[in-house]
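# Descriptive analysis of the structure
If you want the building blocks of each chain, they are given just below.
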Amino acid sequence: EKGGYEHFMLKEIHEQPNAIRDTYRGRLLAKEGIIRMAGIDDNIEKFLNANRIIIVACGTSWHAGLVAEYIFEDLARIPVEVEYASEFRYRNPVITEKDVVIAISQSGETADTLAAIKLAKSKGAFVFGVCNVVGSTIARETNAGAYTHAGPEIGVASTKAFTTQITVLTLIALKLAKANGSMSNSVFHHHLQELELIPEKVKEALKADEHIKKVAEIYKDAKNCLYLGRGYNFPVALEGALKLKEISYIHAEGYPAAEMKHGPIALIDEQMPVFVIATKKGHYEKVVSNIQEIKSRSGKIIGIVTTGDVDVKNVADHVIEVPETIESLTPLLTTIPLQLLSYHIAVMLEKNVDQPRNLAKSVTVE
Ligand code: F6R
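Treat the numbers as computed from the prediction; the structure is a model and nothing was measured.

## Focus: the sheet that holds strand 10 (residues 273-278)
Here we have five strands laid out as an open sheet, ordered 9-8-10-11-12, and parallel in their pairing. Each edge of the open sheet carries a strand with a single partner, namely strand 9 (251-256) and strand 12 (318-322). For this sheet, the mean angle separating the axes of adjacent strands, direction not counted, is 20°. Pairing of strand 11 (residues 300-306) with strand 12, which is carried by five bridges, proceeds in the parallel orientation.

Shown next as structure tokens:
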């Protein structure tokens, strides 16, 4: 059932090209320049008249929500708040009938996310679900929704659920961007074409596996790791750190790269690997100067870069390449090496990759 892979997590990482394709199958019609999603089409007025979108989720799904904040604001010009469901539900939040709430959940059973949905519904908000498990409680409780169609995710550490959530949220943002006029036809077409190329590019990114294994071998005994990214890739840094923590039990933190100098830079020494997402699209020069600051304090740098990169390669200790794409789609590629890295480190440390200690696949208690 692991399809020849040693662990479900590795199988699910490698399933991502197909999972992403399954997510947009029948929805993304690149040639025709159409995105078809019944849950959005049927409720388009709710979205177009919304004052803002509030995204509620937990864990990795919350990270997908953060990526979505960049996508929705940048492409569709709709204000977005991203909330931990557990904080939102107990905060007496301001919710009105003009709010659209998007709940993201792989399992569709997360107790806090479910409670946040019920609260939002009771205040008259329209609630849209992005779930993977068909027929799950959250899928049933929401007013409308879109499934990720990633297939069953067995490994406790979420991988393909994350990239397919981002795919669905990208489709929604593009659809709204087109509908509200914030994106021109030609830019819209370009995005659809680029999205259609993502599965092949994920496949390409997965080919770095052997190289990533070597990097994992070098840093597997680190006690602390830092993950940095900016813009669209700031949430990917958070997700990279979470993946390492949960399966290898190494302490890791994700930060926006520019926040380094407001504290975390004090931690930098030769014992501290710093994983920096530094793709060509998106604040590249600024990230390169962040990298130089780390280097001048003897930090070890592993750059996640665009294929053919030169500037980061010149300063970093190691680089891992991912193919080039448009900025809004880079998280779908930069996530891949960070998943593989965590996986290999955990295997090398002989941890239970698919069932890490203290964790459950769905958190049905608050
Ligand atoms: C991390 C992980 C958890 C879940 C979180 C939300 O790898 O699996 O952080 O992302 O418990 O779960 P869902 O998405 O099922 O609501």
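## Digging into the packing of aromatic side chains
If you walk through the whole model with that rule in mind, you get six aromatic pairs. With 4.8 Å between their ring centres and 25° between their planes, Tyr227 and Phe275 make a pair best called stacked. Taken as a pair, Tyr227 in strand 8 (residues 224-229) and Phe275 in strand 10 lie far apart in primary sequence, 48 residues in all. Relative accessible area serves as the criterion here: at 2%, Phe275 is assigned to the buried category. Taken together, Phe47, Phe126 and Phe128 form an aromatic cluster joined through their ring pairs.

## Some points on the packing of helix 11 (residues 209-219) against helix 15 (residues 330-348)
Following both chains from N to C, one finds helix 11 and helix 15 inclined at 50°, their axes separated by 9 Å at the closest point. Here helix 11 is positioned oblique relative to helix 15, judged by the angle of their axes. Seen from above, helix 11 lies across helix 15 with right-handed handedness. Together, Asp209, Ile212, Lys213, Val215, Ala216 and Glu217 of helix 11 and Pro337, Leu340, Leu341, His344, Ile345 and Met348 of helix 15 make up the contact between the two elements. Residues that form the contact of helix 11 with helix 15 fall into these classes: eight nonpolar, one polar and three charged.

## Quick notes on the nonpolar core
Core analysis: the largest hydrophobic core is formed by 90 residues, its most contacted members being Phe47, Ile53, Phe72, Ile102, Phe128 and Tyr227. Among the elements that make up this core, the one with the highest residue count is helix 9 (residues 160-179) (10 residues). Non-local contacts of Phe72, meaning those with residues more than four positions away in its chain, are made with Ile53, Arg77, Ile78, Val80, Ile102, Leu169, Ile172, Ala173 and Leu176. Grouped together as the second largest cluster of nonpolar side chains are 20 residues, Ile265, Tyr284, Ile291 and Val312 included.

## Details of the packing of helix 5 (residues 59-76) against helix 12 (residues 234-248)
At a minimum axis distance of 8 Å, the contact between helix 5 and helix 12 shows a crossing angle of 170°. Classed by the angle they form, the pair helix 5 and helix 12 counts as roughly antiparallel. In the crossing of helix 5 with helix 12, the sense of the turn from one axis to the other is left-handed. Contacts from Gly59, Thr60, Trp62, His63, Leu66, Val67 and Tyr70 in helix 5 reach Phe234, Pro235, Leu238, Glu239, Leu242 and Lys243 in helix 12. Of the residues in the contact of helix 5 with helix 12, the class split is eight nonpolar, three polar and two charged.

## Some words on helix 5
If you check helix 5, its first and last C-alpha atoms are 25 Å apart, about what 18 residues at 1.5 Å a residue would give, namely 26 Å. The element helix 5 is extensively covered by neighbouring structure, given that 13 of its 18 residues are classed as buried.

Rules used in this analysis
Residues numbered from 1 in each chain as written. Predicted model: local features only at pLDDT ≥ 70, side-chain atom pairs only at ≥ 80, totals over all residues. Heavy atoms only, no water. Pairing = 2+ DSSP bridges. Helix = DSSP H or I, 4+ residues; strand = E, 2+ residues; numbered from the N terminus. Axes fitted to C-alpha atoms, helices over the stretch in contact; angles between N-to-C directions. Phe/Tyr/Trp six-rings, centres within 6.5 Å; stacked < 30°, edge-to-face > 60°. Buried < 20%, exposed > 50% of the residue type's maximum accessible area, 1.4 Å probe, protein only. Parallel < 35°, antiparallel > 145°, perpendicular 65-115°, else oblique. Left-handed = near helix turned anticlockwise from the far one by under 90°. Contact = heavy atoms within 4.5 Å. Nonpolar A, V, L, I, M, F, W, Y, C, P; charged D, E, K, R; others polar. Core = buried A, V, L, I, M, F, W, Y, C linked by side-chain atoms within 4.5 Å. Expected span 1.5 Å × (residues − 1).

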